[in-house]
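Next come the chains, spelled out residue by residue.
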Amino acid sequence: MITFFLPGGDMDSLGCIGTVLGCSACVVVGGLVFAAYKIGLFYQLFHKTETKSPRHGGENVAEVLRAHGVKFLFTLVGGHISPILVACEKVGIRIVDTRHEATAVFAADAVARLSGTVGVAAVTAGPGLTNTVTAVKNAQMAESPLLLLGGAAGTLLQGRGALQDIDQMSLFKPLCKFCASIRTVREIVPTVRKALAIAQSGTPGPVFIEFPIDTLYPYHLVSKEFGVKNPPKGLMGKIVTCYLNNHLMNLFAGAWETRDVSPLPVHIPQAADEQLQRCIELVSRAKKPVILLGSQATLPPTPAGDIRRALEDLGIPCFLGGMSRGILGKDSPIHIRQNRRDALKEADLVLLAGTVCDFRLSYGRVLNRRSKIIAVNRDKSQLLKNSDMFWKPTIAIQGDAGSFLVRLSKGLKGHRCLEEWPQSLKAGDLTKENANRAKAEEKTEHHLNPLKVLHCVDELMAEDSIIVADGGDFVGSAAYIMRPRGPLRWLDPGAFGTLGVGGGFALGAKLCRPESEVWIVYGDGSLGYSVAEFDTFTRHKTPVIAVVGNDACWSQISREQVPILGSNVACGLAFTDYHTVAEGYGGKGYLVGQEDEDRLSDIVKQAQKNTEEGKATLLNVLIGKTNFREGSISV
């Protein structure tokens, strides 16, 4: 406080005036101190700006990614992000460039699912980032840990009309668990470490970091851009020049100091012991229990092999969805593939292990209200979705489904589901699958029976094959016919139902598992989104096999649109020579029609041989339209 004492004045009044002035002075001083802090003056007093250093921010990004075991970075190149790409390549991270930014993110998504680490993609500013929105949303809904690195306009040019400058943070905040915009080079290491930990913690999902271009390039290049050629004269000119010089120095202050780049701890929620004990008691009393396993059950840290052994020890019949397909192998006696609705009506206990009561379970309406229901999910909103309407959990556990199943099995050691129950469900399975196989032998008037094609591929594909599902009608049939041979060998988009994942998923899968056959099951509609990635498969030597069910139509839509609305508008396609397109991109292509029915096996084997020789292959299979679930096949 400052008090002024003036001769002959009212001391009380003058004291009040002095107090006010003193407070005002404190506010001014405080404001100046805060401003000095915000523009980095205090930080620069203790941390050096190395103006002669040739280093750049991309090197900091690369150091953190390498320390976290990142092996691949997917991208479509742009000047904003070039330092990241160059630095990552120098430290041994493989740079894989695609023909569309969405493919880069889909590929990173696949790597995350198959490797148990974070998938990483980097794209340029503005339209480069907006092109990834669908793929990022798909990763969010599929709960894939993914790091998206995006370029941006310079720190002082944002909002001023710079090239490709938009409000990127507002775009990605609803899609990502964490978003950050780098403001100084020294922030890069701690921000990337934090983002990678958040992506894997709790319910996994995508995270986004924006890199203004001046945080990535070296000082000597950035300083040239900061120079004012014709600064205003007088005091204002000096203020502008001083501000720009300080901003530049603060941008690089402490940039190259040694920082910890090791991974931060990852938090994974677990079921409490008392919750587990209640579940043990419920399962032990159940006569007809059923497990519905979702993709979330395959997430780290529990190995898929441990989950498989736990399920086999329990002996409870299982319905597998999403990434959990294949976790029990090809022909497990407890894996039930058909008649799920009927089984749920009979069940007296249902365990939802990472499975959500959304449209895939008719919002919970397929669950028997008399059944005991145990729900386990990392995400509270997914755990209780629609429980206020159509179903009620007996026990709801916010925790990791995979580790819960292992603990449940250990707690029930010696107890096993009565074999008559899974045997009766398996008998129904066999009856329906025999009927489906009979449908595969039905003749179509002009083209191949799609069910026969899928059965042929299923019988011939290698035991280590990975299946990528990208389509509607044809893929819907494949989901019932093709059997993944092991865990993490089925990739589909997940709850978002996104078309266009095929090229990216297959690319990521082949890079993660180069020794495995990778099969993309495409509809002819969905192929259009990523057929250009055959160029990527060729350049990056990732030979995959694409089987395209070509019925010249968006059949899944047409089947309902025509009878309801009386028009096939916008549903018709053409019997396009997609095999020629693949060859134009450096792959192998085959047109497979009705006249090739007796040679189907030979054609599939030739495609397999091509991959051994390093050639991606596309089988353009002309098929009759099918509604597999209703059993009708037509031209």
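Residues numbered from 1 in each chain as written. Predicted model: local features only at pLDDT ≥ 70, side-chain atom pairs only at ≥ 80, totals over all residues. Heavy atoms only, no water.

A. Focus on a nonpolar patch on the surface. Among the surface-exposed residues, Ile39, Leu41 and Tyr243 lie close enough to one another that they form a single nonpolar patch of about 240 Å² accessible area. By the element assignment, Ile39 lies in the loop between α1 (11-38) and α2 (41-46). (Patch = residues over 30% accessible without salt bridge, like charges linked within 9 Å, V, L, I, M, F, W, Y side chains within 5 Å. Areas by Shrake-Rupley, 256 points an atom, 1.4 Å probe, with all protein chains shown as cover. Salt bridge = Lys/Arg side-chain N within 4 Å of Asp/Glu carboxyl O. Helix = DSSP H or I, 4+ residues; strand = E, 2+ residues; numbered from the N terminus.)

B. Broad picture of the nonpolar core. Counting residues in hydrophobic clusters, the biggest one holds 52 residues, and the most contacted among them are Leu311, Leu352, Phe404 and Leu408. If near-sequence neighbours (up to four positions away) are discounted, Leu408 is found in contact with Leu276, Cys279, Ile280, Val283, Leu314 and Leu351. Among the nonpolar cores identified, the runner-up in size contains 51 residues, and Leu146, Cys176, Val501 and Ala546 belong to it. (Core = buried A, V, L, I, M, F, W, Y, C linked by side-chain atoms within 4.5 Å. Buried < 20%, exposed > 50% of the residue type's maximum accessible area, 1.4 Å probe, protein only. Contact = heavy atoms within 4.5 Å.)

C. Up close: the pairing of strand β17 (residues 617-622). Where burial is concerned, most of β17 is hidden: 6 out of the 6 residues are buried. Across 6 bridges, the pairing between strand β15 (residues 545-550) and β17 is parallel. Bridged to Val548 within β17 is Asn620. Across 5 bridges, the pairing between strand β16 (residues 588-592) and β17 is parallel. Along β17, the bridge assignment pairs Val592 with Val621. (Pairing = 2+ DSSP bridges.)

D. Structural context of the sheet that holds strand β4 (residues 146-152). A sheet is described by the order of its strands in space; here 6 strands give the open sequence β2-β1-β3-β4-β6-β5, paired in parallel fashion. The open sheet has two edge strands, β2 (94-97) and β5 (178-181), and neither has a second partner. Direction aside, the axes of adjacent strands within the sheet are offset by 20 degrees on average. The pairing of β5 with strand β6 (residues 206-212) spans 4 bridges and is classified as parallel. Paired with Cys179 across the bridge in β6 is Phe208. Seen against the sheet, helix α3 (residues 57-67) touches β1 (72-76), β3 (119-123), β4 and β6 and runs at an angle of roughly 175 degrees to β4. (Axes fitted to C-alpha atoms, helices over the stretch in contact; angles between N-to-C directions.)

E. The arrangement of helix α13 (residues 304-314) in detail. The complete set of buried residues in α13 reads Ala304, Ile307, Ala310, Leu311 and Leu314. Axial view of α13: buried residues confined to an arc of 120 degrees, hence all on one face. Against β7 (289-293), β8 (318-320) and α16 (401-411) lie the buried residues of α13. Directly after α13, the chain includes Gly315, whose backbone phi takes a positive value near 70 degrees. (Arc of directions from axis to C-beta.)

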